[in-house]
Amino acid sequence: MTSDPSGTSLASHPKTEILRYSAFTHDPAGGNLAGVVLDAAGLDDAAMPAIAAEVGYSETAFVTARDETGRGGASRRFRVRYFSPLAEVAFCGHATVALAVALAERLGPGEIVLDTPAGEIPVATRLDGDGAVSATLTSVPTRSRPAVGTELDAALKALGWAPGDLDPALPPHVAFGGNDHLVLAAGSRERLADLDYDFDGLAEVMRRHGWTTLQLVWRESPEHFHARNPFPVGGVVEDPATGAAAAAFGGYLRALELVTRPARIAIRQGEDMGRPSDLLIDVDPEDTRVRVTGRAVPIG
């Protein structure tokens, strides 16, 4: 395998350039790592998961078709698929941010539209005051419902949590923002920090119910949450930043009527695993879609 700061060509696919970014951070030592393949038109359904497994990040984004001209004032449009090391996923927020930043660095900032298996995802990219690129994705319509007893009991058992560990003011829900996520609110920061779960047991529960991650949160204030995201179904113990789960969480807050006017909420993730990440979500009680904002930086 050879590598340089602009990308990596894997030995099994020597003509495929794989870019590597860390999303939801300005520091390559933080955030969530994502692979980005800007030209996957020639890759088949066997090659893409094989590359994702070889890259080894929680997700890699593959651009399978593109119209980058934006003719007639239309947004530049790209068809995208996402693969974890074990499976294809319908949508991935941190890989979307990484992809959008990679495109903006090559084509210039502006509006793009991604056609994903979860639906159409508009993304706005812009240059911040220090010259770095940030991206804001608009999720598909979100929804959220209370978790039923059998779902909750199985998840708590695999996590090693007790019902008394939960915050009663933030009830367990299954929230959707492109994928389904079980949302559990810890009653204390200490409970959130102490994460030592049954990897295979939780993966089986998640596969049974169709959950992509667990969104474990602790509320520091109404505008500031801490989060952790177990992802055993993707072959990853924990994601340090999860944009799709953040979008779903915004829908959760809206469904519980905890957001009564347009609000920006900060989510700090990855801190307990040494890769701090910062996600911003904009939630409007009149709009089921959630906007998720973050930076991404290339890594060598």
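Look up a bit, the structure's there.
Note that the structure is predicted; figures quoted are calculated from it, not measured.

About the cut-offs
Within any chain, residue numbers begin from 1 and follow the written order of that chain's sequence. The model is predicted, so local features are restricted to residues of pLDDT at least 70 and side-chain atom pairs to those at 80 or more, both for listing and for counting; the totals for chains, interfaces and linings are taken over all residues. In computing side-chain properties, one takes all heavy atoms of the structure into account and sets aside hydrogens as well as water. Salt bridges are identified by distance alone: a Lys or Arg side-chain nitrogen within 4 Å of an Asp or Glu carboxyl oxygen. Helix numbers and strand numbers start at the N terminus; a helix is a DSSP run of H or I with at least 4 residues, a strand a run of E with at least 2. When a residue's accessible area, from a 1.4 Å probe over protein chains only, is under 20% of the maximum for its type it is buried; when over 50% it is exposed; and in between it is partly exposed. Following DSSP output, two strands are said to pair if at least two bridges run between them. Assignment of crossover handedness uses the view with strands pointing away from the viewer, where a clockwise path from the first strand over the helix to the second indicates a right-handed crossover. Stacked, edge-to-face and tilted labels apply to pairs of Phe, Tyr and Trp rings (six-membered ring for Trp) whose centres lie within 6.5 Å, assigned for plane angles under 30 degrees, over 60, and everything in between, in that order. What the arc measures is the spread of directions leading from the helix axis to the C-beta atoms. Any pair of residues with heavy atoms lying within 4.5 Å of one another is described as a contacting pair.

Let us now look at the pattern of salt bridges. Scanning all chains against the criterion turns up 20 salt bridges. A salt bridge links Asp115 to Arg77; its shortest N-O distance comes to 2.8 Å. Of this pair, Asp115 sits in strand 8 (residues 110-116) while Arg77 sits in strand 6 (residues 76-83); the two residues are 38 residues apart in sequence, bridging distant segments of the chain. A residue is classified by how much of its surface remains accessible, and Asp115, at 25% relative accessible area, is partly exposed.

This next bit is on the pairing of strand 5 (residues 59-67). In terms of strand pairing, strand 4 (residues 32-37) meets strand 5 through four bridges, oriented parallel. Paired with Val37 across the bridge in strand 5 is Phe62. For the crossover from strand 4 across helix 1 (residues 47-55) to strand 5, the handedness is right-handed. Note that strand 5 and strand 6 share seven bridges and pair antiparallel. Considered in strand 6, the bridge of Thr60 is made with Phe83.

Right, let's talk about the packing of aromatic side chains for a bit. Applying the stated rule across the entire model yields five aromatic pairs. Consider the rings of Phe62 and Phe83, whose centres lie 5.7 Å apart with planes at 85°: the pair is edge-to-face. Here Phe62 is found in strand 5, whereas its partner Phe83 is found in strand 6, with 21 residues between them in sequence. We classify Phe83 as buried; its relative accessible area is 4%. The interplanar angle of 75° and the centroid separation of 4.9 Å between the aromatic rings of Phe225 and Phe249 together place this pair among those described as edge-to-face. With Phe225 in strand 15 (residues 224-231) and Phe249 in helix 6 (residues 243-255), this residue pair connects regions lying 24 residues apart in the sequence. Comparing Phe225 with Phe249 shows no difference in burial state: the two are buried. Aromatic ring contacts, followed pair by pair, group Phe225, Phe249 and Tyr252 into a single cluster.

We now examine helix 1. If you check which residues of helix 1 are buried, you get Ala47, Met48, Ile51, Ala52 and Val55. Projected down its long axis, helix 1 carries its buried residues within an arc of 135°, all on one side. Turning to helix 1, the residues buried within the fold contact strand 3 (17-23), strand 5 and strand 6. Looking one or two places after helix 1, you find Gly56, whose phi comes out positive at around 85°.

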